[in-house]
Amino acid sequence: MRARSFEAGPMVVLAATLALAAVSHGCRSAPAHGGTRGTSPDFIEPLDLVEIERDAVLRINADLVPGPLTMDVAIVIPSNLDPGFDLVSVPQMLDGIRSAKEIFGAVGVQIRLLWVKTGPVPDQHLSITSTDLLTGPGSKHAGMYTNFQRHPRPLSAGARAAFESLVPRDEANDRTLYLVVLQDVFYPFFASSGAGNDLVPTVTPTSGLSFPPYIHGREIPRRLRGVITISNLTAGANRFKTIAHEIGHKTLNVSHEYRTIDPEFEVVGEGGLMIYGAGVEIPSGADGRWHRERLERSPFLYREDESGKKLWNPDFEDGGHYFDPIYGDFVVGEE
């Protein structure tokens, strides 16, 4: 999850009244198919998108070889973004993929870009609120990962409808990462009011949002669990780190943390990939909070044999929360 730009100042927080208005969209309904709250948009047919940049995709994939751990990534960018929106372009997305390939390649993980697709998108999908605040703030006596394990967050109905439209149906939907360009993606959460332990509903605009398993668990439809939104690739000295950072949230399944820095909604520092700054390290071992070990166990990764068959990592055993059994001892305890 990326709540702001890497080199920006303090997080921009909108008024609580705006937050309540934003998160109320689509939350008045019974549970939908698969246990996800909100009106079920299963009837929505994906849009007929057009593939572009095929030569660039071939060049990006030219260094792939069988054997190493690999992830599949695809890009969706609307063709009808508002004229005033100039924060993401196709060339910037491709540069972000090239940067991510270098960052993950340094730890032996390949990225295969499947395709880039575009087409007109219903206007209401260009700006969404990611989730509802139905689950409450959790307990102040438990850590972030424990609270999300107990209370995983559902997509808002608006977010789910947008993703159902934008993600083409494929048998590997649940194993593929989809980088979806949207103009505005707002993330609602509970923040301190500054008065004791009081928490207030808050919403922030994002540069990128990863919809990670540790937040959503089984509350996100399986077909859509690989979605990552990108809304700004222009900010910060290392702006093309944004895509790798968001992919890191999904595949490492951790929040903003690094070595001795415990998970928080946002952290600025000189460290690794998973905090805001220029760093791109994916550390290993207990001192590195098991980042590399968690990456190597991601269900979004596979090895390709010499015949081209994809041998996928085992899937999550308990919905994908931070402490999912697939990680074994590669977790950091919360006090």
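Residues numbered from 1 in each chain as written. Predicted model: local features only at pLDDT ≥ 70, side-chain atom pairs only at ≥ 80, totals over all residues. Heavy atoms only, no water.

Enquirer: Describe helix α5 (residues 157-166), naming the residues involved and giving the relevant values.
Expert: Counting buried positions along α5 gives 10 out of 10 residues, so the element sits mostly inside the fold. Looking only at α5, the buried set comprises A157, G158, A159, R160, A161, A162, F163, E164, S165 and L166. Looking at the buried positions of α5, the neighbouring elements they touch are β2 (69-78), β4 (127-129), β5 (177-181) and β9 (227-230). (Buried < 20%, exposed > 50% of the residue type's maximum accessible area, 1.4 Å probe, protein only. Helix = DSSP H or I, 4+ residues; strand = E, 2+ residues; numbered from the N terminus. Contact = heavy atoms within 4.5 Å.)

Enquirer: Explain the pattern of salt bridges to me, using residue names and the numbers behind them.
Expert: Going through the model one piece at a time under the given rule, you end up with 15 salt bridges. One salt bridge in this structure joins D63 and K101, with 3.1 Å as the shortest N-O distance. Of this pair, D63 sits in the loop between α2 (54-60) and β2 while K101 sits in helix α3 (residues 90-105), and the two are 38 residues apart along the sequence. Of the charged contacts in the structure, one is a salt bridge between E257 and R289, with a shortest N-O distance of 3.1 Å. Highlighted residues: E257 in strand β10 (residues 256-258) and R289 in the loop between β11 (261-264) and α8 (291-296), separated in sequence by 32 residues. The pair formed by E257 and R289 is uniform in burial state, with each residue classed as buried. (Salt bridge = Lys/Arg side-chain N within 4 Å of Asp/Glu carboxyl O.)

Enquirer: I'd like a rundown of the side chain of N232, residues and numbers included.
Expert: Among the secondary structure elements, N232 is positioned in the loop between β9 and α7 (241-252). Assessed through its relative accessible area of 15%, N232 is described here as buried. Within the local environment of N232, its side chain forms a polar contact with the side chain of T234, the two groups lying 2.8 Å apart. (Polar contact = N/O pair within 3.5 Å; in protein donor to acceptor, adjacent residues only side chain to side chain.)

Enquirer: Summarise the nonpolar core; cite the residues concerned and give the values.
Expert: Counting 71 residues, the largest nonpolar core has M71, M93, F104, F163, I243 and I247 as the members making the most contacts within it. Contacts of F163, omitting those with residues within four sequence positions, involve I128, L155, L182, F211, R223, L224, V227 and T229. (Core = buried A, V, L, I, M, F, W, Y, C linked by side-chain atoms within 4.5 Å.)

Enquirer: Can you tell me about α7, naming the residues and giving the values?
Expert: Structural remark: α-helix, 3.6 residues per turn; residues separated by three or four positions point the same way. Along its 12 residues, α7 runs 15 Å from first to last C-alpha, staying within 8% of the 16 Å computed at 1.5 Å per residue. Burial within α7 is extensive, with 12 of its 12 residues counted as buried. Regarding α7, the residues found buried are K241, T242, I243, A244, H245, E246, I247, G248, H249, K250, T251 and L252. (Expected span 1.5 Å × (residues − 1).)

Enquirer: Before we move on, can you summarise the confidence of the model for the protein with the specific residues and values?
Expert: Across the protein, the average pLDDT comes to 86, with 85% of residues at or above 70. Segment residues 1-40: pLDDT under 50, and 104 contacts once partners within four positions in sequence are set aside and those in other chains are kept. (pLDDT = per-residue confidence, 0-100.)

Enquirer: Please provide a residue-by-residue account of the packing of aromatic side chains, values included.
Expert: Across all of its chains, the model carries 11 aromatic pairs by this definition. With a centroid separation of 3.9 Å and an interplanar angle of 5°, the aromatic rings of Y145 and Y322 are classed as stacked. Of this pair, Y145 sits in helix α4 (residues 144-150) while Y322 sits in the segment after β13 (310-312), and the two are 177 residues apart along the sequence. When sorted by exposure, Y145 lands in the same class as Y322, which is buried. Ring plane angle 90° and centroid distance 4.9 Å describe the contact between Y322 and F323, whose orientation is recorded as edge-to-face. In this structure Y322 comes out as buried when scored by relative accessible area, which is 0%. An aromatic cluster is present here, built from Y145, F148, Y214, Y322 and F323 joined pairwise through their rings. We note K117 situated over the ring of W115; from NZ or CZ to the ring centre the distance is 4.5 Å. (Phe/Tyr/Trp six-rings, centres within 6.5 Å; stacked < 30°, edge-to-face > 60°. Lys NZ or Arg CZ within 6 Å of the ring centre and 35° of its normal.)

Enquirer: Quick one: what's the story with the environment of E164, residue by residue and with numbers?
Expert: Relative to the helices and strands, E164 resides in helix α5. Taking relative accessible area as the criterion, E164 reaches 3% and is therefore assigned buried. Considered as a pair, E164 and F43 are 121 residues apart in the sequence and their alpha carbons are 9.0 Å apart. A distance of 2.9 Å separates polar atoms of two side chains, one belonging to E164 and the other to R223.

Enquirer: Can you break down the side chain of T206 residue by residue, with the values?
Expert: Its place among the elements puts T206 in the loop between β7 (199-205) and β8 (208-209). Residue class for T206 comes out buried when judged on its relative accessible area of 8%. At a separation of 2.9 Å, a polar atom in the side chain of T206 contacts the main-chain carbonyl oxygen of V185.

Enquirer: Hey, could you go over the pairing of β11 for me, with residue numbers and the actual values?
Expert: Of the strand pairs in this sheet, β10 and β11 are connected by two bridges, and their pairing is antiparallel. Paired with H256 across the strands is E264, a residue of β11. The antiparallel hairpin formed by β10 and β11 contains two residues in its connecting segment, where R259 sits at a positive phi of about 50°. (Pairing = 2+ DSSP bridges.)

Enquirer: Give a description of the environment of A142 that names residues and reports values.
Expert: Inspection of the secondary structure assignment puts A142 in the loop between β4 and α4. Residues A142 and E334 lie 192 residues apart in sequence; the distance between their C-alpha atoms is 7.4 Å. Setting aside residues no more than four positions away along its own chain, A142 makes contact with N147 and R150.

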